[in-house]
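# Notes for the structure review
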Amino acid sequence: MGTLVHDNVQRYYGSLVHVDRKTSAASVQSSRSIPPSAFNALQQIHPHVCKRYTGCGLVVPEKLQGCKILDLGSGSGRDCYILSKLVGRTGHVIGVDMTPELILASRKYIRYHQEKFGYEKPNTIFVQGYMERLDEIGIKKESLDILVSNCALCLCPDKRAVLKEAFRVLKDGGEFYLSDIYSSVAVPETLRHDAVLWGEGMSGALYWRDLISLVKEVGFSTPYLVTANRIVVHNSELQRKANGISYVSATYRLFKLPSNRIRRSAVVVYKGTVPDHPDHLNFDALHSFETDVEVTVDAEMASVLRSCRFSNDFSIQDTDTPVPRQHCTSHCHLNPFLLADRFLKKDVPKTCEERRPLNSII
Ligand SMILES: C[S@@+](CC[C@H](N)C(=O)[O-])C[C@H]1O[C@@H](n2cnc3c(N)ncnc32)[C@H](O)[C@@H]1O
């Protein structure tokens, strides 16, 4: 099903041993601290795998032991191998990528990591295929606990198809943990035909508000914004072409909620039982659950906590108490540009108004 866009992207990522990125996307520092287990896993990844990393975030959610995870656009496999360590010998990781060179490159290190992690047999496979057509590579509906994707959705011409497939293959209560590049406005059609701009994720980046409507249309929960960083475009030619559009790398978590869910708010108490997070669980930029502290959450968050893999880590009591509003209705709490600037301790406007592009940052 490859289109011209797919062919260009394959050439862009397949031909070079070390992709020369023209933006800061692959080198952004996470504003969220890396949990010790993820940090230790990262230290054990083969340097050749890390060298070809071209993601724009850290797609390592909490509590992965025993999970079955699919990485969409797995590239050289860095994130798959981190996850391979964290899911343990009873878990399973599948990396899907359309670029044959990267599938071959990632497969070369399966044995290395299996031995490094002390597993009797590998728990990771890499499959060549399209994120839009997971059925073609035999990924069954409702077969996965978690999906991750690191800087690949922005390269896909048909985002809706990818998100629909993601929704299909996730189990109820499953999570899609998604790091990607987003734009400050919808990218004009005229920029879509430039192979380098597309390869850098700048032409295909979703306007962040469009992500919210698209994922909800497909059936996911409202996305929860975890972290965000401004992207700097080093290349002056690309800067010129982008013509004032700003970019950010951001991580959102989306959940597939059961259709028969209870739609009531709840008083929840985090038990401190998620590994690496004894004192609090930073669920997203808005919700940090302190251990043993009661919090009233809205109906959607209550459904997420009741149905996802954290359900046993919370005590959850339905309530009719109205939830104090923590955010405005026009989704400014989900605006990754505002969050990125807050992390930079900039003077962030209190309203949803978009910031003007900063001088050297687009
Ligand atoms: C920017 S790279 C990121 C790779 C990897 N996630 C990482 O963090 O290093 C994007 C990857 O997505 C893959 N990709 C892009 N579009 C795809 C599609 N439609 N189906 C499958 N893979 C795709 C590319 O081949 C490339 O390896």
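This text gives an overview of the structure that appears in the document. (Residues numbered from 1 in each chain as written. Predicted model: local features only at pLDDT ≥ 70, side-chain atom pairs only at ≥ 80, totals over all residues. Heavy atoms only, no water.)

Counting its secondary structure elements, the chain contains twelve helices and 13 strands. Here the chain holds 362 residues, and 56% of them are scored as buried. Of all intrachain contacts in the chain linking residues separated by at least 6 positions in sequence, the fraction that spans at least 24 positions is 79%. Total accessible area on the chain is roughly 15900 Å²; 51% of this is exposed by carbon and sulfur atoms. (Helix = DSSP H or I, 4+ residues; strand = E, 2+ residues; numbered from the N terminus. Buried < 20%, exposed > 50% of the residue type's maximum accessible area, 1.4 Å probe, protein only. Contact = heavy atoms within 4.5 Å. Areas by Shrake-Rupley, 256 points an atom, 1.4 Å probe, with all protein chains shown as cover.)

This brings us to the site of the ligand. Taken together, 24 residues are adjacent to the ligand, and Thr54, Gly73, Asp97, Thr99 and Glu132 come closest. A distance of 2.7 Å separates a nitrogen atom of the ligand from a polar backbone atom of Gly73. Within the side chain of Asp97, an N or O atom sits 2.6 Å from an oxygen atom of the ligand. For the ligand, whose free accessible area comes to 590 Å², the fraction covered by protein is 99%. When each cavity is represented as a set of grid points, the ligand is found to reside in the largest cavity. No other element matches helix H1 (residues 4-14), which puts three residues into the shell around the ligand. Here the residues of the shell around the ligand sort into eleven nonpolar, nine polar and four charged. (Near = heavy atom within 4 Å. Polar contact = N/O pair within 3.5 Å; in protein donor to acceptor, adjacent residues only side chain to side chain. 1 Å grid on protein atoms, 1.4 Å probe; cavity = no way out; pocket = protein on both sides within 12 Å on 5 of 7 lines; lining within 4 Å. Sits in = over half its atoms within 2 Å of the grid points. Nonpolar A, V, L, I, M, F, W, Y, C, P; charged D, E, K, R; others polar.)

The antiparallel open sheet is built from three strands, whose spatial order is E12-E9-E13. The strands lining the two open edges of the sheet, one partner per strand, are strand E12 (294-297) and strand E13 (314-318). Across this sheet, the average inter-strand angle for adjacent strands is 25 degrees, counted without regard to direction. Bridge count between strand E9 (residues 266-270) and E12: four bridges; the pairing is antiparallel. From the neighbouring strand, Val267 faces E12, where its bridge partner is Thr296. Helix-sheet contacts for helix H11 (residues 299-307) involve E9, E12 and E13, and the interaxial angle to E13 is about 135 degrees. (Pairing = 2+ DSSP bridges. Axes fitted to C-alpha atoms, helices over the stretch in contact; angles between N-to-C directions.)

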